[in-house]
Amino acid sequence: MTELEKTAERISFLYEKIIDNQDWEISELDELLDLSRKDGIEWKAKQSPWISVEGRLPEKDGLRVWVKSNCLNEQPLVYWKGKFYARLSDGCYDGSVTHWMPIPE
């Protein structure tokens, strides 16, 4: 049995125990929430094409990227020397970028 299957089995067991109002402890509910949260985060990370700027930045300057930021929802920008610019000639960059993904060439 794989680790994922073991986790799924444990989640199912705890869920049924709590839903059926069997004799359960707070620690079991906490475990269920922790397992579910961990699985959800791992699943989401595998599904999302977005790359966190905290985890990794683009590897080369001049790369056109699609970004999410705190100021604007989503927009195309250019990555240059550690910053995300709308136009290099303006020198105006978005310092609130949280996630990015490369735009296919």
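Here, every reference points to the structure presented above.
This is a predicted model, so every value here is computed, not measured.

Attention now goes to the side chain of Q75. As for its placement among the helices and strands, Q75 is situated in strand β3 (residues 74–80). Using a relative accessible area of 17% as the deciding quantity, one classes Q75 as buried.

Another aspect to go through is the pairing of β3. Here β3 shows a buried face lined by Q75, L77 and Y79 and an unburied face lined by E74, P76, V78 and W80. Pairing between β3 and strand β4 (residues 83–87): three bridges, direction antiparallel. Following the sheet pairing, V78 is matched in β4 by Y85. Connecting β3 to the next strand, β4, in antiparallel fashion are two residues, including K81 with a positive phi near 50°.

Right, let's talk about the pattern of salt bridges for a bit. Counted by the stated rule, this structure contains one salt bridge. One salt bridge connects D61 with K81, and the closest N-O pair in it is separated by 3.7 Å. With D61 in the loop between β1 (51–52) and β2 (63–69) and K81 in the loop between β3 and β4, the pair connects residues that are 20 residues apart, well separated along the chain. Given a relative accessible area of 33%, D61 falls into the partly exposed group. A relative accessible area of 60% means that K81 is categorised as exposed.

So, how was this worked out
- Residues numbered from 1 in each chain as written.
- Predicted model: local features only at pLDDT ≥ 70, side-chain atom pairs only at ≥ 80, totals over all residues.
- Heavy atoms only, no water.
- Helix = DSSP H or I, 4+ residues; strand = E, 2+ residues; numbered from the N terminus.
- Buried < 20%, exposed > 50% of the residue type's maximum accessible area, 1.4 Å probe, protein only.
- Pairing = 2+ DSSP bridges.
- Salt bridge = Lys/Arg side-chain N within 4 Å of Asp/Glu carboxyl O.

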